[in-house]
Amino acid sequence: MIKLLISFKTHENKFLLLLFILGIILRCLYTYYVYNNTGTSNWADDWEYLSMGKQIADGNWNPKEENAGFMVVGPVIPIVVALFTLVFTEPVIPFFIYNVVVTSLLILVLFFLGKEVFNKKIGTVLAIWGLFFRETYKYCPHI
């Protein structure tokens, strides 16, 4: 019985690893395709995040928004942009990778949440749904 449970766990882990890797590959391909074809033309508030993140990286912890009054930016994304700027000098591609990894981790979260709240079948369906959920792809090529 214990061997059956261990075997069941390893198959589950292999399945989740496969979904996670597939999620990363699909999101990377989508991000590459969109960024290669449209570049930054669809960016709106992304420029604000980049500007504020670069100001923070330069040591200005009270950055000014370029379009003052247009929107209020929360601190998390500019701080992450600043971190990527300090580490990689150009934060765009690392932020894309960050978006791809975080949205791919959502597949695992959906599986375990569905498994915990309902059962393994629901968790599996949620994980597969999370692999193809359009909204997680939509913002990968953005800051």
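The structure we're discussing is the one just above.
Residues numbered from 1 in each chain as written. Predicted model: local features only at pLDDT ≥ 70, side-chain atom pairs only at ≥ 80, totals over all residues. Heavy atoms only, no water.

Draft legend 1. Region of the structure containing the pattern of salt bridges. One pass over the full model with this rule turns up three salt bridges. With its nearest N and O atoms 3.0 Å apart, the salt bridge here joins K115 to E12. Of this pair, K115 sits in helix 4 (residues 92–117) while E12 is found in helix 1 (residues 2–38), placing the two residues 103 residues apart along the sequence. By relative accessible area, which is 3% here, E12 ends up buried. Across the salt bridge formed by K138 and E135, the nearest N and O atoms sit 3.7 Å from each other. Taken together, the residues span about one helical turn, with K138 and E135 both in helix 6 (residues 134–138) at a distance of three residues. Here K138 falls in the partly exposed class, since its relative accessible area comes to 31%. Through salt bridges with shared partners, one network takes in R134, E135 and K138. (Salt bridge = Lys/Arg side-chain N within 4 Å of Asp/Glu carboxyl O. Helix = DSSP H or I, 4+ residues; strand = E, 2+ residues; numbered from the N terminus. Buried < 20%, exposed > 50% of the residue type's maximum accessible area, 1.4 Å probe, protein only.)

Draft legend 2. View of the packing of helix 3 (residues 76–88) against helix 4. For the pair helix 3 and helix 4, interaxial distance at closest approach is 9 Å and the crossing angle is 125°. The orientation of helix 3 relative to helix 4 falls into the category oblique. For the crossing formed where helix 3 meets helix 4, the hand is right-handed. Contacts between helix 3 and helix 4 involve I77, V80, V81, F84 and F88 from the first element and P94, F95 and Y98 from the second. Class assignment for the residues of the contact of helix 3 with helix 4 results in eight nonpolar, no polar and no charged. (Axes fitted to C-alpha atoms, helices over the stretch in contact; angles between N-to-C directions. Parallel < 35°, antiparallel > 145°, perpendicular 65-115°, else oblique. Left-handed = near helix turned anticlockwise from the far one by under 90°. Contact = heavy atoms within 4.5 Å. Nonpolar A, V, L, I, M, F, W, Y, C, P; charged D, E, K, R; others polar.)

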